[in-house]
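Listed here are the chains, written in short residue letters.
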Amino acid sequence: MKLSPQPVCMNLRMMWAWALWMLPLLCRFGLAVLPAKPENISCVFYYKKNFTCTWSPEKEANFTWYKVKRTYSYGQKNDICSSTSENGASCSFFLPRITNPDNYTIQVEAQNSDGIIESDITHWRLDYIIKIEPPNIWSVEPVLGIKRMIQIKWKRPVLAPVSSILKYILRFRTVNSTDWMEVNFTKDINRDETYNLTGLQAFTEYVVVLQCAAEDSRFWSGWSQEKMGTTEEEAPLGLDLWRVLRPAKVDGRRTVKLLWKKAKGAPVLEKTLGYNIWYFPENNTNLAETTNTTNQQLELYLGDKAYWVSVISYNSLGESPVAVLRIPAIDEKSFQCIEAMQACLTQDQLLVEWRSSDPEVDTWVVEWFPDLDSEPSTFYWESVSQARNWTIQQDKLQPFWCYNISVYPIWQDQVGKPYSIQAYVKEGIPLSGPVTKAENIGVKSVTITWKEIPKSQRNGFISNYTIFYEAEDGKKFSETVNSSILQYNLESLTRKTSYTVQVMASTSAGGTNSTQINFRTLSISILEIGFITSLIGGGLLILIILTVAYGLKKPNKLKHLCWPDVPNPAESSIATWHGDDFKDKLNLNGIDDSLNMEGDRILKLCSAPRDLIDKLVVNFENFLEEVSTEESGKGMEFPVLPAQLRYLCGVKCQEGLLRPGL
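Keep in mind the model is a prediction, meaning the values are calculated, not measured.

Peer 1: In this structure, what is going on with the overall build of the protein? I would like to understand it.
Peer 2: Broken down by element type, the protein carries eight helices and 40 strands. Among the 662 residues that make up the protein, the fraction classed as buried is 36%. In the protein, once contacts between residues fewer than 6 apart in sequence are set aside, the share between residues at least 24 apart is 63%.

Peer 1: Would you mind going over the packing of aromatic side chains with me for this structure?
Peer 2: For any pair of aromatic rings, the description consists of the separation of the ring centres together with the inter-plane angle of the planes. If you walk through the whole model with that rule in mind, you get 21 aromatic pairs. With 4.9 Å between their ring centres and 80 degrees between their planes, Phe-51 and Tyr-104 make a pair best called edge-to-face. Taken together, the positions of Phe-51 in strand β2 (residues 50–56) and Tyr-104 in strand β6 (residues 103–112) put the pair 53 residues apart, joining distant regions of the chain. Look at Phe-51 and you get buried, because its relative accessible area is 0%. Taking the centre distance of 5.2 Å and the plane angle of 25 degrees together, the rings of Tyr-469 and Phe-477 count as stacked. Its relative accessible area of 37% is what places Phe-477 among the partly exposed residues. When the ring centre of Tyr-104 is taken as reference, the NZ or CZ atom of Arg-70 above it lies at 5.0 Å. In this arrangement the basic side chain of Arg-243 is found over the ring face of Trp-242, its NZ or CZ atom lying 4.6 Å from the centre.

Peer 1: Hey, could you run me through the nonpolar core in this one?
Peer 2: Nonpolar side chains in soluble globular proteins tend to end up buried together. With 45 residues, the main nonpolar core has Phe-51, Ile-106 and Ile-152 as its most contacted residues. Counting residues per element, this core draws most heavily on strand β15 (residues 205–214), which supplies five residues. The residues touching Phe-51, leaving out its near neighbours within four places in the chain, are Cys-43, Val-44, Phe-45, Cys-91, Ser-92, Phe-93, Ile-98, Tyr-104, Ile-106, Leu-126 and Ile-129. The next biggest cluster of nonpolar side chains, apart from the first, holds 20 residues, and it includes Val-352, Trp-364, Val-407 and Val-425.

Peer 1: Explanation requested: the state of the cysteines in the structure shown.
Peer 2: Any covalent bond linking the sulfur atoms of two cysteines counts as a disulfide. One pass over the structure, following the stated rule, counts two disulfides. A sulfur-sulfur separation of 2.0 Å characterises the disulfide bridge that pairs Cys-43 with Cys-53. For the disulfide bridge between Cys-43 and Cys-53, the dihedral angle about the S-S bond is near 110 degrees, and by the sign convention the bridge is right-handed. In this pair, Cys-43 sits in strand β1 (residues 39–46) while Cys-53 sits in strand β2, placing the two residues ten residues apart along the sequence.

Peer 1: What exactly am I supposed to notice about unusual backbone geometry here?
Peer 2: Most peptide bonds are trans, and most residues other than glycine sit at a negative phi. The residue after Leu-95, namely Pro-96, is reached through a cis peptide bond having omega 5 degrees. When you line up the elements, Pro-96 lands in the loop between β5 (90–94) and β6. With an omega of 0 degrees, the peptide bond running from Asn-100 to Pro-101 counts as cis. Relative to the helices and strands, Pro-101 resides in the loop between β5 and β6.

Peer 1: Quick question: what am I supposed to make of the sheet that holds strand β10 (residues 136–142) here?
Peer 2: In any sheet, the strands associate via hydrogen bonds between backbone groups, in a parallel or an antiparallel arrangement. Strand order in the open sheet formed by three strands is β10-β11-β14, and the pairing between neighbours is antiparallel. Each edge of the open sheet is held by one strand with a lone partner, namely β10 and β14 (194–198). Going across the sheet, the axis of each strand differs from the next one's by a mean of 20 degrees, ignoring polarity. Pairing between β10 and strand β11 (residues 149–155): six bridges, direction antiparallel. If you follow Ile-137 over to β11, its bridge partner there is Trp-154.

Peer 1: In this structure, what is going on with the sheet that holds strand β26 (residues 349–356)? I would like to understand it.
Peer 2: Strand order in this open sheet of three strands is β25-β26-β29, and the pairing throughout is antiparallel. Two strands in the sheet have a free side with no partner beyond their single neighbour: β25 (338–346) and β29 (389–393). For this sheet, the mean inter-axis angle between neighbouring strands, taken without regard to orientation, is 15 degrees. Strand direction decides the pairing type here: β26 and β29, joined by five bridges, are antiparallel. Within β29, the residue paired with Leu-351 across the bridge is Thr-391.

Peer 1: Which parts of the structure should I look at to understand helix α3 (residues 526–553)?
Peer 2: An α-helical segment advances 3.6 residues per turn. Residues three or four places apart therefore align on the same side. In a regular helix each residue adds 1.5 Å, so 28 residues correspond to 40 Å; α3 covers 40 Å between its end C-alpha atoms and thus fits that length. With one of 28 residues buried, α3 is to be regarded as a mostly surface element.

Peer 1: Looking at this structure, I do not really get the pairing of strand β7 (residues 115–118). What am I missing?
Peer 2: Both faces of the sheet carry side chains from a regular strand, because those side chains alternate between them. Relative to β7, β6 runs antiparallel, the two being bridged by four bridges. In the sheet register, Ala-110 faces β7, and the bridge partner there is Ile-117. Linkage of β6 to β7, two consecutive antiparallel strands, is achieved through a turn of two residues.

Peer 1: What exactly am I supposed to notice about the pairing of strand β38 (residues 498–507) here?
Peer 2: Most of β38 is tucked away, with seven of its ten residues classed as buried. Looking at chain direction, strand β35 (residues 464–471) and β38 are connected through eight bridges and run antiparallel. Across the sheet, the residue bridging to Ile-467 is Val-503, located in β38. Across four bridges, the pairing between β38 and strand β40 (residues 517–520) is antiparallel. The residue bridging Val-501 from the neighbouring strand is Ile-517, located in β40. Of the pairings in the sheet, the one linking β38 to strand β39 (residues 510–513) comprises four bridges and is antiparallel in character. Each bridged residue has a counterpart across the sheet, and for Met-504 the counterpart in β39 is Asn-513. Remark: two residues form the turn of the hairpin made by β38 and β39, two consecutive strands paired antiparallel.

Rules and cut-offs
Residues numbered from 1 in each chain as written. Predicted model: local features only at pLDDT ≥ 70, side-chain atom pairs only at ≥ 80, totals over all residues. Heavy atoms only, no water. Helix = DSSP H or I, 4+ residues; strand = E, 2+ residues; numbered from the N terminus. Buried < 20%, exposed > 50% of the residue type's maximum accessible area, 1.4 Å probe, protein only. Contact = heavy atoms within 4.5 Å. Phe/Tyr/Trp six-rings, centres within 6.5 Å; stacked < 30°, edge-to-face > 60°. Lys NZ or Arg CZ within 6 Å of the ring centre and 35° of its normal. Core = buried A, V, L, I, M, F, W, Y, C linked by side-chain atoms within 4.5 Å. Disulfide = S-S within 2.5 Å. Pairing = 2+ DSSP bridges. Axes fitted to C-alpha atoms, helices over the stretch in contact; angles between N-to-C directions. Expected span 1.5 Å × (residues − 1).

This is the structure in structure tokens:
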């Protein structure tokens, strides 16, 4: 049997319609979010003002209505306080519907569009949750004739239970301090609102605040406005005394700078009219000297022996206890017990700690002053007892300044050898770079030197130096050295190349570069020049040595080579060979043949006619022909020619007029 497809399709359409109709209803129930249950309910009774309750959470994701259900008059009455999440999680009940004393029950109901939820029921006794206004201090004054005390007077809060006993907390501190001290006390309704604060410092300004609460309440009022008062003045409390020893002079005397200040714990406002100082040699009290000053320091010129110094301060009410200090002799050796010391920063303080080898020493003097290029004008010091550490607020030291910190051990009247370190409370980059220059420039090396940065411009401890150098082709290099090195040799440079150099000085905060300097490597080194010069000089020396050796071996030949013989025509006798005719032909115009007048002869020969040589040569040729004919049978012997003719022969031979061999 076959079913018709039309009824099946209609059934499917009906099912889809029902599903689409039910889907919004199912989603609505699945996404419903109730408000959070109110918890941590807290109620306060602001006396004669309102009764306010708060709860958590303070805010809701959806808009929420709140109802605070209250029962009062010991359960006989009830009412409701309404609020919304926009106004915050709190609600207040106001007068006249507040009864005291009474017990309340409180329940908070939260409601939004998805439903309602209620808190647990809480119970409140108004005497326990009452909160009143703070008192009003109107006087903080000392009591005449009573030292180290101030009296505080205030007005009882107007909005406070008339018949209730009030309890108080009194806080006080000195003006320059941030640490509060507290005093708790109670006051009956019939007693004066005054309190005597004792055990204070003399002539010191104090700040006072006060708060109160009902006797059974756990809620305190707010603090009153601050009020200040000053205790009465007294005689000075005392002094801390210290010294700075200067080197001895030629005459053996020395300068000792005495320093003093108010003892630790002395009143800040303590007045002093002046100081009396007296001092004397340790072995002779009869030589005591006294002086008076209004300053807190004094320079004394003492001898080389030990001295005792005493100082007191005074005002209109009396004198302080005597502060005594021993000045050691120049040649006196101080004991040493401090083995190590360190300084570190902790939050806003500088902490200095040290280690001692002598457990009996428990008094120390810490001295500090800025490490400047010139001698500091001010020294700071502080006494420390029963501790081996010392702290100082960072704001009392200058940032970027280096401080010398020394700790002196004190044992009875002896001052030991100090231990010193340096410290910064804050470091920065140097104000300027080191002054730099290039020295010993060579072919492939150079020495870069620099000077230390002045102390006032370092801004921190110099940790290292970095040398940056760049060649003219753009290649960059760097070298880093520690702070103790003030020069560095750059190697492996390129010959005949320009370089730029900078030196950076670095602290823990950063570095600062020096000004840029330039140099150029050499094309040839001094060593190479010396080597070439040595080769040339050595060759010349060898040549000279060989020449001298040759001359010593063959002196005549060397003499002939260096200084050859030149014939002297004046010594020739050729004119006497051919008789008087030859002399007539020469016709030297009366030239004197005397050998003793060689100079005159030469001058006259120079003035002879131009054809003298030609005539002389012709006659000489004829003379040779005759001589050669006459002597042909005699073995061809040639006579020795006079010097003049030998000279002429040499000339004619050079001109090609005579035959070689003559």
